[in-house]
Amino acid sequence: MLDRAPLLKVADLQAWYGESHVLHGVDIEINEGETVTLLGRNGAGKTTTLRSIIGIVRKRTGTISLRGTDLLKLSPHRVATQGIGYVPEERGIFATLTVEENLMLPPQVAEGGMPVDEIYRLFPNLLERKTSPGTKLSGGEQQMLAMARILRTGARLILLDEPTEGLAPVIVQRIGEIIQTLKTTGFTVLLVEQNFRFASKLADRHYVMEDGKVVDHFTSGELDQKVDSLHKYLGV
Amino acid sequence: MLELLGISPIQLYGQLVLGLINGSFYALLSLGLAVIFGMLNVINFAHGALYMLGAFVAFFALDLLGLNYWAALVIVPLVLALVGVVIERTMLRRLYQLDHLYGLLLTFGIALMLEGVFRHYYGSSGIPYAPPPELVGPLNLGFMILPIYRGWVIAASLVLCLFTWYIIERTRLGALLRAATENPSLVQAFGINVPLMLTLTYAGGVALAGFAGVLAAPIYQVNPAMGSNLIIVVFAVVVVGGMGSIMGAIVTGYALGILEGLTKVFYPPASAIVIFVVMAVVLLVRPAGLFGREA
């Protein structure tokens, strides 16, 4: 594992929203097949890190490379086609599109995406509601839809931004099962979470962010020794 | 009943047809404006001038190249689409990050320049453009006689409006357009070339204006002022229908055309302002427009 080059390598990433400097040097490495979380309080820069990787935040310096390809040099619509799927915070379901149109919207970026029949088997609610407007779904269904539409594209690296935010515990559990399935089928997942208990059950490793920097990094095995400092970082 | 009001059915039907004709142009133009505004957030003040340019290109095609009306119906939208690509790529694109006002000022400037140039060379009296011989003559509908060309204009614009609606509301390309209208950066993050879509949307809206210009040439003559006469009413239509609403633009276009026609029958002095009165009322009662989504 250690001698392999990481699938995704982020090094000394700095990013700006207009004039405001939000990321001050983020270093993250993810190996193929790993599930890694970004932890941290609101405003620590977790979402900005994901948005910088996928290319929505344009003003960036440092390194973001996927299998050796420099993503910083690519125009925004070429990043996803490298095989990255993005599930944004608040799901990003389009109100003027039906459930089915939402599902079919992202173009395929690689072979081996989940066939639509299988998606509907996995998420029967989406099939039932396929002609209703996307935002008429419940929050949990919208989250399923946001994840399902990415599974269709064949992307093998998934950026998941707070998939459990504002959802009922039973739905959170369901989303946990889905991420677990992704993990066992070889997907690589970068998960942003506030819900540490949720993240700790799924992830292999954790990065902690504070004030736009990565301030700590540990594996799930080291969790017990880290509990006190985590409480400090996350303010829980 | 009508006789009691001193209105002959012939007069009523005649004004209804005129209203439908005007409505056809309102609908075609406001449809393009609504699509462009929805995607690009640009209030395209040049729309009327581009409609006028469409009529002039049809005239040049006939005069210089001998290309007839039917050829113009195909070629003019393509030429205008190309003009749209050039405007979007070289100028509009630089303004997307700025306030709406800059796009409006730029396109207003383009409109003034286009109109000024054509007025300089062709004066303000119109140039006649003959309708195609196939469409000359009367069409007896039983209750009234309709010039064939007018019937054609109504039918052609209706078909084109519904076709555009279908593309936007019922196809994958349309789903991409609607999604990019809502959240362009997310659509881009899914791997779709949004800047290219913006260019094509502007080109498509301008092509619709060009098509309308060719349809209009045999009715209103080819005149440098034909666009500026129309554009203010078309803006009122878009406001009434709701900015960014496709079906709203189409339905409101025809409805206000008919309303204007009926006003000419029942109370002629008000016909020039009735659309603006409706606009003022709609703005007061339902600011998002009749078909617009409340923000």
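Below is a short write-up of the structure.

### Looking at the overall build of chain B
Within chain B one finds 11 helices and 2 strands. Each helix and strand of chain B, placed in order from N terminus to C terminus, yields the pattern α-α-α-α-β-β-α-α-α-α-α-α-α. For 295 residues, the compact-globule estimate of 2.2 N^0.38 gives 19 Å, and the C-alpha radius of gyration of chain B, at 19 Å, lies within 12% of that figure. Counting only C-alpha atoms, chain B reaches 65 × 50 × 35 Å along its principal axes. A separation threshold of at least 6 residues defines the contact pool for chain B, and within that pool the share at least 24 residues apart is 77%. For chain B, the accessible surface area stands at approximately 13,300 Å², while carbon and sulfur atoms represent 71% of it.

### Re the sheet that holds strand 10 (residues 213-219) of chain A
Residues and elements named next belong to chain A. Across the sheet, which stays open at both edges, the 6 strands sit in the order 6-7-8-3-9-10 with mixed pairing between neighbours. Edge positions in the sheet fall to strand 6 (84-87) and strand 10, since each has one partner strand and no second. Each neighbouring strand pair of the sheet contributes to a mean axis angle of 15 degrees, computed without reference to strand direction. Note: strand 3 (residues 35-39) against strand 9 (residues 205-210), 4 bridges, orientation parallel. Bridging across to strand 9, Leu-39 finds its partner in Val-208. Against the sheet, helix 9 (residues 223-234) contacts strand 3, strand 9 and strand 10, and its axis sits at roughly 155 degrees relative to strand 10.

### Focus on the packing of helix 2 (residues 47-65) of chain B against helix 8 (residues 194-220) of chain B
Residues and elements named next belong to chain B. Put simply, helix 2 and helix 8 touch, their axes get as near as 7 Å, and they point 60 degrees apart. With respect to each other, helix 2 and helix 8 are oriented oblique. Considering only the axes of helix 2 and helix 8, their crossing is right-handed. In this structure, helix 2 contributes His-47, Leu-50, Tyr-51, Gly-54, Ala-55 and Ala-58 to the contact, and helix 8 contributes Tyr-202, Gly-205, Val-206, Ala-209, Gly-210, Ala-212, Gly-213, Val-214, Ala-216, Ala-217 and Tyr-220. Of the residues assigned to the contact of helix 2 with helix 8, the class counts are 12 nonpolar, 5 polar and no charged.

### What to know about the pattern of salt bridges
Residue and element names in this part refer to chain A. Overall, the coordinates contain 12 salt bridges over all chains when judged by the stated rule. Across the pair Arg-129 and Glu-141 runs a salt bridge, and its minimum N-O distance is 3.7 Å. Placement of the pair is Arg-129 in the loop between helix 5 (124-128) and helix 6 (139-151) and Glu-141 in helix 6, with a sequence separation of 12 residues. On the accessibility criterion, Glu-141 (14% relative accessible area) is buried. Put simply, Lys-183 and Asp-204 hold a salt bridge, and the shortest N to O gap is 3.3 Å. Here Lys-183, found in helix 7 (residues 169-184), pairs with Asp-204, found in the loop between helix 8 (196-202) and strand 9; they are 21 residues apart in sequence, far enough to count as distant.

### Comments concerning a nonpolar patch on the surface
Residue and element names in this part refer to chain B. On the surface, Ile-273, Val-277, Val-281, Leu-284 and Val-285 cluster together to form a nonpolar patch covering roughly 510 Å² of accessible area. By the secondary structure assignment, Leu-284 is in helix 11 (residues 274-285). The class of Leu-284 is exposed, set by a relative accessible area of 74%.

### Thoughts on the nonpolar core
In a soluble, globular protein the nonpolar side chains are often hidden away together inside. Ranked by size, the top nonpolar core spans 157 residues in total, and within it B:Phe25 and B:Leu215 carry the most contacts. When residues no more than four places from it in sequence are discounted, the contact partners of B:Phe25 are B:Tyr51, B:Val153, B:Ala212, B:Leu215, B:Ala216, B:Ile219, B:Tyr220 and B:Leu230. Of all hydrophobic cores here, the second largest spans 9 residues; its members include A:Phe196, A:Ala199, A:Val208 and A:Tyr233.

Rules used throughout
- Note that residues are indexed from 1 along each chain, following the sequence as it is written.
- Labels are handed out in written order, letters beginning with A for the chains and numbers beginning with 1 for the ligands.
- Only residues with pLDDT of at least 70 are given local features in this predicted model, and only at 80 or more are side-chain atom pairs given and counted; all residues enter the totals for whole chains, interfaces and linings.
- Values shown for side chains rest on all heavy atoms present in the structure; no hydrogens or waters enter the calculation.
- Secondary structure counts use DSSP, requiring at least four H or I residues in a row for a helix and at least two E residues in a row for a strand, with both numbered from the N terminus.
- Taken over C-alpha atoms, the radius of gyration is set against a globule rule of 2.2 Å times the number of residues to the power 0.38.
- In what follows, a contact means two residues having at least one pair of non-hydrogen atoms within 4.5 Å.
- Note that accessible areas follow from Shrake-Rupley with a 1.4 Å probe, and for residues the cover is restricted to the protein chains shown.
- Think of it this way: DSSP has to see at least two bridges between two strands before they count as a pair.
- Inter-axis angles, ranging from 0 to 180 degrees, are taken between N-to-C directions of lines fitted to C-alpha atoms, where helices are fitted over the stretch in contact.
- Angles below 35 degrees are treated as roughly parallel, those above 145 as roughly antiparallel, those between 65 and 115 as roughly perpendicular, and all remaining angles as oblique.
- Crossing handedness is defined as follows: a turn of the near helix away from the far one that is anticlockwise and smaller than a right angle gives a left-handed crossing, while the clockwise case is right-handed.
- Residue classes follow a fixed rule: Ala, Val, Leu, Ile, Met, Phe, Trp, Tyr, Cys and Pro count as nonpolar, while Asp, Glu, Lys and Arg count as charged, and any other residue, Gly among them, counts as polar.
- Here, a salt bridge means any Lys or Arg side-chain nitrogen found within 4 Å of an Asp or Glu carboxyl oxygen.
- Think of it in three bands: with a 1.4 Å probe and only protein chains considered, a residue is buried below 20% of the maximum accessible area for its type, exposed above 50%, and partly exposed in between.
- Patch rule: a residue counts if its relative accessible area is over 30% and it has no salt bridge; like charges are joined within 9 Å, and nonpolar side chains (Val, Leu, Ile, Met, Phe, Trp, Tyr) within 5 Å.
- The term nonpolar core refers to a set of buried residues drawn from Ala, Val, Leu, Ile, Met, Phe, Trp, Tyr and Cys, joined through side-chain atoms within 4.5 Å.

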